[in-house]
Amino acid sequence: MTAAASEQFTAVLFHSFGGPDGPEDVRPFLENVTRGRGVPPERLEEVVEHYLHFGGISPINRLNLDMIAALQAELRSRGTDLPIYFGNRNWTPFVADALTALRSDGHRRVLVFPTSAWGGYSGCRQYHEDLAGALAQVDGSSDLLVRKLPQFWDRPGFVAAAAAAVRRALAELGEGAPARLVFTAHSIPLGADRTAGPPEDGGHLYSRQVAGAAQRVADELGVENHDLVWQSRSGPPQVPWLEPDICDHLDALAEEGVGRVVVCPIGFVSDHLEVVWDLDTEARQRAEELGMGYARADTVGTDPAFLAMIADLIEDYADGGGDTSALGCGDNGALCRPGCCQLPPRPTR
Ligand SMILES: CC1=C(CCC(=O)O)c2cc3nc(cc4[nH]c(cc5[nH]c(cc1n2)c(C)c5CCC(=O)O)c(CCC(=O)O)c4C)C(CCC(=O)O)=C3C
Ligand SMILES: [Fe+2]
């Protein structure tokens, strides 16, 4: 084996959030997500109801499997035929099981594609922590090199796929008054946004990246004005989170006389539960009550431009090259930078 060949990564781990596959999974899944996170029981009960509304099945697992199949085909067509394994943070298949499987298949160097484009504790560091925790559970894992790929919020393929989705949503609204373009992403506590990113960069990495991605999509579309709002707020009521919320924002737009909106969930890569509940159910209903035209842009999902972006990223790092100092990149769960994306202290009541 040449030195170069020994540097090759031979497998990909598709690393996602996870979601329940049936009603009996809902509570244990939510316990995994919220363990130690101080989410009040009232909020959890609401979220249980959202899942049960869809039979206890989140679309996220099926959508991830669709993305994996399409990505595998894209890699194969390029002759970069790394097998893709699937592992989640909060539900089966778990990362530890994926690592066990790929190791027993003979892989020792693995590239990790996270389904989060962002920095911050929830969007980045928790994925690193999950990899570290999973490695600790896998027998013989000391011979594994598990390299997480960087945050991809600013990659042209991601931006192009989101822009194409907004174009389709505008077409769906049809002729008429101009529509306001509204981007949404998962809200996080203000404290977590303040500590997002390397400490020396002054924090707020998450909200800065989301704003940057929204700006890039709007620029690509030639749209002069757009709004950025937040969704799916959790946590205790006395803790401040990023605002405004999408539904409050629709109220404010109606006051302004805006008659039509296109909502682009730039914060998520697939139409999972927080998209189909918070946007397609709650926000859509609010828009209807306000007499407002409403179209929700697709998430990037299996858009060919997005899949090509993922494949490019994998090819950039597959031979051991690629920028390993890029934010989000780290080996075996190591943080991008010392003190990066620190978990802010939990509020005391
Ligand atoms: C930044 C961010 C992303 C984007 C980056 C990424 O994609 O990773 C994201 C994605 C997702 N969030 C998801 C689901 C949930 N998030 C929750 C709770 C929380 N999310 C947070 C942040 C984020 N979340 C935070 C700060 C909390 C509070 C608790 C804590 O501090 O950790 C809860 C608990 C109940 C609740 O309180 O809502 C659930 C069920 C699903 C899967 C949905 C499905 O099943 O289809 C996905 C993709
Ligand atoms: Fe980070």
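In this text, all values refer to a predicted model and were calculated from it rather than measured experimentally.

Taken in spatial order, the 4 strands make up an open sheet running E6-E5-E7-E8, and their pairing is parallel. In this open sheet, the two strands that pair with only one neighbour each are strand E6 (226-231) and strand E8 (293-296). Within this sheet the neighbouring strands show an average axis-to-axis angle of 25°, counted without direction. Where strand E5 (residues 180-186) lies against E6, 6 bridges are found, and the strand directions are parallel. When the sheet's bridge partners are listed, Phe 183 is paired in E6 with Leu 228. Its contacts with the sheet put helix H7 (residues 156-173) on E5, strand E7 (260-264) and E8, and the angle it makes with E7 is roughly 155°. With respect to the sheet, helix H11 (residues 273-289) is in contact with E5, E6, E7 and E8, its orientation differing from that of E8 by roughly 170°.

It is worth spelling out the packing of H7 against helix H12 (residues 304-318) at this point. Packing of H7 against H12 leaves a shortest axis separation of 7 Å and a crossing angle of 170°. On the basis of the axis angle, H7 is roughly antiparallel to H12. In contact with Gly 157, Phe 158, Ala 160, Ala 161 and Ala 164 of H7, H12 contributes Ala 305, Phe 306, Ala 308 and Met 309. Classifying every residue of the contact of H7 with H12 gives 8 nonpolar, 1 polar and no charged.

So, about the nonpolar core. Soluble, globular proteins show a tendency: their nonpolar side chains are buried together. Judged by nonpolar contacts, the single largest core of 102 residues is most densely connected at Ala 162, Val 262 and Cys 264. Residue contributions to this core peak at 10 residues, all from H7. Ignoring anything within four residues of it in the chain, the contact list for Ala 162 reads Val 217, Cys 264, Ile 266 and Val 300.

The next thing to look at is the UniProt feature "binding site: Fe-coproporphyrin III" (unreviewed entry) in the protein chain. Following the UniProt record, the feature "binding site: Fe-coproporphyrin III" (unreviewed entry) maps to Ser 58 and Tyr 127 here. Tracing the chain through its elements places Ser 58 in the loop between helix H3 (41-53) and helix H4 (60-77). Residue classification places Ser 58 among the buried positions, given that 25 C-beta atoms sit within 10 Å. Sequence-distant contacts of Ser 58, that is, excluding residues within four places in its chain, are made with Gly 19, Pro 20, Tyr 51, His 272 and Leu 273. Mapping Tyr 127 onto the fold places it in helix H6 (residues 121-137). Apart from the residues lying within four places of it in its own chain, the contact partners of Tyr 127 are His 15, Arg 89, Pro 114, Ser 116 and Lys 148.

Now for the confidence of the model for the protein chain. Averaged over all residues, the pLDDT of the protein chain equals 96, while 98% of them reach at least 70. In the predicted assembly, ipTM is 0.96 and pTM is 0.97.

Quick look at H3 now. End to end, H3 covers 18 Å across 13 residues, agreeing with the expected 18 Å (1.5 Å per residue, within 8%). Among the residues trailing H3, Gly 55 stands out with phi positive, at a value near 70°.

What follows concerns the sheet that holds strand E4 (residues 145-148). What the 5 strands build is an open sheet, ordered E2-E1-E3-E4-E9; its pairing is mixed. Each edge of the open sheet carries a strand with a single partner, namely strand E2 (84-88) and strand E9 (330-331). Sheet analysis places E4 next to E9, joined by 2 bridges and oriented antiparallel. Following the sheet pairing, Lys 148 is matched in E9 by Gly 330. Taken strand by strand, H4 contacts strand E1 (11-16) and E2, and its axis lies near 160° from that of E2. Lying on the sheet, H12 is in contact with E1, strand E3 (109-114) and E4; it crosses E3 at an angle near 150°.

So, on to the site of ligand 1. Looking at ligand 1, there are 26 residues lining it, with Gly 19, Ser 58, Ser 234, His 272 and Leu 273 nearest. Of all the elements in the fold, those that place two or more residues in the shell around ligand 1 are helix H2 (26-34), H3, H6 and H11. Among the elements that make up the shell around ligand 1, the one with the highest residue count is H2 (3 residues). Composition of the shell around ligand 1 by domain shows at least three residues from each of domain 1 (3-153 + 303-331) and domain 2 (156-296).

Cut-offs used in this document
Throughout this document, residue positions are counted from 1 along each chain, in the order its sequence is written. Each chain gets a letter, beginning with A, and each ligand a number, beginning with 1, in the order they are written. It should be noted that, the model being predicted, local features are given only for residues of pLDDT at least 70 and side-chain atom pairs only at 80 or more, the latter also being counted only at that level, while totals for whole chains, interfaces and linings use all residues. For two strands to count as paired, DSSP must find a minimum of two bridges between them. Helical segments are the DSSP runs of H or I of at least four residues, strand segments are the runs of E of at least two, and each set is numbered from the N terminus. Angles here are taken between N-to-C directions and fall from 0 to 180 degrees, while the axes themselves are lines fitted to C-alpha atoms, restricted in helices to the stretch in contact. What counts as a contact here is a pair of residues whose C-beta atoms, placed from the backbone, lie within 7 Å. Working definition: roughly parallel below 35 degrees, roughly antiparallel above 145 degrees, roughly perpendicular at 65 to 115 degrees, and oblique for all remaining angles. Under the scheme applied here, ten amino acids are nonpolar (Ala, Val, Leu, Ile, Met, Phe, Trp, Tyr, Cys and Pro), four are charged (Asp, Glu, Lys and Arg), and all others, including Gly, are polar. For the purposes of this analysis, a nonpolar core is taken to be any set of buried Ala, Val, Leu, Ile, Met, Phe, Trp, Tyr and Cys residues that are connected through C-beta atoms within 7 Å. Backbone-placed C-beta atoms define the burial measure: a residue is buried with 20 or more other C-beta atoms within 10 Å of its own, exposed with 12 or fewer, and partly exposed in between. UniProt positions are given in the numbering used here, feature names are shortened, and annotations may be inferred rather than shown by experiment. pLDDT expresses, on a scale from 0 to 100, how confident the predictor is about each individual residue. What a helix is expected to span follows from its residue count: subtract one and scale by 1.5 Å. Nearness is defined per residue: the C-beta atom, placed using the backbone, must lie within 6 Å of the molecule or strand. Per the annotation, domain bounds derive from an automatic or database assignment of domains.

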